[in-house]
Amino acid sequence: MPRHQTAIVKGTLDLLVLKTLALEPRHGVGVAERIDQITRGTFQVRPGSLFPALHRLEQNGFIAGEWSETPEGRRAKYYRITAAGQRQLAAEKKNWARIVLAVGQILEAD
Amino acid sequence: MPILPRLSALRDTLFRRKRLESELDAELAAALETLADRYVASGMSPEAARLAAHAALGGLNGIAHVKEEVRDVRVGRSLEATIGDLRYAWRGLQRTPGFGAVAILTLGLGIGSTTAIFSVVRTLLLSDLPFQDGSRLVFVWHDLSARGYPRAPLAGPEIVDLRDRARLFSGFGGIWSNTTVLTGQDPEQLRIGLVTHDFFSVLGAAPALGRTFKAEDAAPTASGTILLSHALWQRRFAGDPAIVGRTIQVNNRATAVVGVMPPGFRPMMPPDASVPDDLQAWLLLHSSFTTWPRGQRFLRVVGRMKPGVRLADAQQEIDAIGIQLAREYKRVGIYGPMESGRALYAVGLHADGVREVRPTLLALFAGVSLLLVVACVNVASLLIARAAARSRETAVRIVLGADTRRLFRQYAVEGLLLGALGGAAGLLVGRGCLALLVSLRPATLGRIDAASIDPGVTAFAIGLALTWGLILSLGPLAQARSADIFTSLQQASRGGGSRLLYRRRAALVVFQLALSVVLLVSAGLLARAFVRLANVDPGFAWDNVVTFRLSLSGPRFEEREAFHAFSAQFRSRLAALPGVIAAGAISHLPYDDLPNWGTPYVPDGRVDRGERPTADTRAITPGFFEAVGARLIEGRFFTEADTAASTPVAIVDERLARHAWPGESAIGKRFTGDPYTNGHASVLVTVVGVVRHLRHRQLAAETGEQIYYPHTQAPRNPMAYVVRSSSNPDAVIPQVRGALARLDSTLPIYDPRPLSAYVVAARAARRFTMILAAAFAGAALALAVIGVYGVTAYASALRRREFGVRLALGATRRQIVGLVMGETVRLGALGLVLGLAGAAIAATLLRSQLYELTPGDPLSYALAIPVLAGAVSLAAWLPAQRATRISPMESLRAD
């Protein structure tokens, strides 16, 4: 995967993951499914590329992982958002809104 | 961004790797199962679901790649990877302990010897003199080249001339070493410096306690003052903190201690200034010294340039003053003919002090640096060979997508690990080498005991180690980068490496062999010269002779008659001791560090035109020549009948006799001489004997002409006694003490030691050079052996398949050994020829050290041949043996 694209995807991916986890704790596959569901397939997040993002967020203390049981009775690592993660989400949301606004203004300008 | 989670994440990355990994495995496994569950639920077969889950999770690159990506986002990832590389490198060393040991040892020897020499160079050459603004100090010499003394001391009045006339100097101080007696209970003879009151302030040396001298101390009416060395204060006065102001008896005179010098203080005068570094105390020169005759040259003068004055300007000023003086005293003939166009000259004190050792030290430093380069190139070639053996692994890793930066990091870490271990070994080796150098040091290198592996030197060693570590890692890296993957995969299958690489290494080995031959021949020449010098006839014999010094001082010896009577009585007691064959005394022992005593002489009937020849002069008692076994050529030795009142007589050496009265017998001839050392040839002396020249200043050559005056007619105090005995000379000294105590219990003898000790000390410098050369040759040979081993092992690895085939086709083991060794013998022969040629050139540089040996001494060259041949065969034997053990089947199947 070429590097310069990763950077953009990474930022967006982090926002999506945080937002997803803000609702309820999920395991990795769960996060991917949830994003897929909500965006109705616009963002197809391959679980493989999700794990580095999850670990990076965990390393930064924005989410925390815990082992627990899935409804199917398997053990899986569930991630929940931390207080720092909430703050980060708020900040990234604001940032995103600014980007959307700015890009929108450029596109609508005559 | 929160700090704490990142810190704990870093801790986990570094120290809880296993747990992280197993958690990651578990997490991914769970994810796989969850995905598979979903696919099964949507109607796939369990097998298809499992494959689909793998594809979804891992994508094209597989799950291992996902794991790698997760690892890459961990905090401290690069640090952790470096540690991983370090572990890998360490395991690599453990897997091949032979390689590791050889590499570390080679680096250790190289870095260690360089470090040791560097610490000496730093102490002696790079650091300034340990005085305040030491770079502003100069030493003033009197140029008497015309009379054979290019570096002579100054006369008392000359320091006054310098003080009066020099404008660029803030002061001149003088020193003259002598001895005196610490009287009182348990008397002891001291080696002292007699100094001008400003000697220490000119030098810029401060005392540890009290003060140094001041002008008032030197007033004719002032009472006696003394400045003690730290060692004397500690030993004799038990480090008494109230020593300053205490009055002690020096030469039976009440003398006040004004101060104590610090522990490491040395006057640091040039080595041939006859001012030892280990003086025990300092007294003031007699206040009248500035009026002593101009011909009496004894004063060693140090000048301090004013701030901002350039050495060249200061030197010009001293030269000019010398020429003025020579002009003013032309009529008196004090300054003689000025062959060099100058009478006085100044040299930087520091530069003059290291004048003799500087080239040696720099050559040594260049030598060890060269050895270090050879050592490192050796290690690099071992590393390259190892990398070549691993080239298949490297190629596979490149194919599998390993990044070159990671390869570089790995090689750099390997190189640095080797460098660090080699550096650690080097510090140990350096410490050992330095201790060895210090213990073997000749007097001319006495000051190297101040050298140590201090933080600066340690930093130097670490810098060397790391720099070389990085350079070493470049070799295998270049190899890996240049390696075309497919060729290296192919090559690896053939046993690794290339012919080109082999040729480079072979050239290196030939160079190493040649270098070690040069050093072997040099060491051989020096050793042969040393042996030859040990067998030289110095004109006297030192076996079974003990020496000691005695000063007859105090009120009871003030009368000349009493002095001589006591001396005669003591000598007769000595001669009567059991086992003693002969006993006598002399003013200067052979190879003593006392200032040389030279006086002018004018053969009778010739006009003194100021071109007076000068001869080394010694005062001796009857019995001296007999005790040291000097050989009389004609005439007689001195007897007790040569008294202060009888006709002035002298014994001269054959060189003086030949020079003054060529073709005639010297006996009965007369000359005007200067037995009282007042600077003028004023006493008419009759020659009563001619002796074989005594090499008492230099073993390697006859220097100067010699005059011996009877002690009674040229009184000197103290005197050095020599006693030859038939029994154990060690038993003589206690008997001497007993005999002396029965005559006068207040007189000390000091410096009791065998005469051979002085000879050994005189040979120490050559012994030092010889041992160094041998050590160099040994080190170079060891490196060459390692190099030969490496290249032979490499070459036979290249031909492994060929050997296997040959063995399969019925070649004998002997033939295989011949094949392996044959190549090595060719390298050895080439190295030998080049080395012998190089040695012939190097030997001419050694000429001055070779005594009477010619630089082409065939035996020294011949000896290098078997040594080299033995070393080369030894180095090639192991790989050759290994080659014979190749199993034909295995070597063919290895492809």
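Report on the accompanying structure. (Residues numbered from 1 in each chain as written. Chains lettered and ligands numbered in written order. Predicted model: local features only at pLDDT ≥ 70, side-chain atom pairs only at ≥ 80, totals over all residues.)

Observations regarding the overall build of chain A
Counting its regular elements, chain A contains 4 helices and 3 strands. The linear arrangement of helices and strands in chain A, starting from the amino end, is α-β-α-α-β-β-α. Residues classed as buried in chain A amount to 35% of the 110 residues present. (Helix = DSSP H or I, 4+ residues; strand = E, 2+ residues; numbered from the N terminus. Buried ≥ 20, exposed ≤ 12 C-beta atoms within 10 Å, placed from the backbone.)

Quick look at the overall build of chain B
Check the secondary structure of chain B and you find 26 helices and 24 strands. Its C-alpha atoms give chain B a radius of gyration of 38 Å, clearly above 29 Å, the size a compact globule of 895 residues would have. Its C-alpha atoms give chain B principal-axis dimensions of about 135 × 75 × 55 Å. In chain B, which comprises 895 residues, the share counted as buried stands at 43%. Long-range pairs, those at least 24 residues apart, make up 82% of the contacts in chain B between residues at least 6 apart in sequence. (Rg over C-alpha atoms; globule rule 2.2 N^0.38 Å. Contact = placed C-beta atoms within 7 Å.)

Considering the sheet that holds strand S3 (residues 75–81) of chain A
In a beta sheet, neighbouring strands pair by backbone hydrogen bonds and run either parallel or antiparallel. Spatial strand order, S1-S3-S2 (chain A): 3 strands in an open sheet with antiparallel pairing. Of all the strands in the sheet, just strand S1 (26–27) and strand S2 (63–69) of chain A have a single pairing partner and so form its edges. Here S2 of chain A runs beside S3 of chain A; their pairing, made up of 7 bridges, is antiparallel. Residue pairing across strands places Glu 69 of chain A opposite Arg 75 of chain A, the latter belonging to S3 of chain A. Across the sheet, helix H2 (residues 17–41) of chain B lies against S1 and S3 of chain A, angled at about 105° from S3 of chain A, the strand it touches most. (Pairing = 2+ DSSP bridges. Axes fitted to C-alpha atoms, helices over the stretch in contact; angles between N-to-C directions.)

Regarding the pairing of strand S13 (residues 545–550) of chain B
Residues and elements named next belong to chain B. Most of S13 sits out of view: 6 of its 6 residues are buried. Burial along S13 is two-sided: the face carrying Val 545, Thr 547 and Arg 549 and the face carrying Val 546, Phe 548 and Leu 550 are both buried. Where S13 lies against strand S23 (residues 719–725), 6 bridges are found, and the strand directions are antiparallel. Paired with Thr 547 across the bridge in S23 is Val 722. Taken together, the 4 bridges between S13 and strand S24 (residues 749–754) define a ladder with antiparallel strand orientation. Along S24, the bridge assignment pairs Leu 550 with Ile 749.

Some remarks on the interface of chain B and chain A
Taken together, the contact pairs 22 residues of chain B with 20 residues of chain A. Across the side of chain B that touches chain A, the residue classes tally to 13 nonpolar, 3 polar and 6 charged. (Nonpolar A, V, L, I, M, F, W, Y, C, P; charged D, E, K, R; others polar.)

A few points about unusual backbone geometry
Residues and elements named next belong to chain B. A cis amide bond links Asn 717 with the next residue in sequence, Pro 718, at an omega value of 0°. Summarising the element assignment, Pro 718 is placed in the loop between strand S22 (706–710) and S23. You will see that Asp 133, though not glycine, has its phi angle at about 50°, which is positive. Tracing the backbone through its elements, the reader meets Asp 133 in the loop between helix H6 (97–126) and strand S1 (137–144). Owing to 12 C-beta atoms within 10 Å, Asp 133 belongs among the exposed residues under this scheme. Although it is not a glycine, Met 268 sits at a positive phi angle of roughly 60°. For Met 268, the position within the fold is in the loop between strand S9 (253–260) and strand S10 (281–284).

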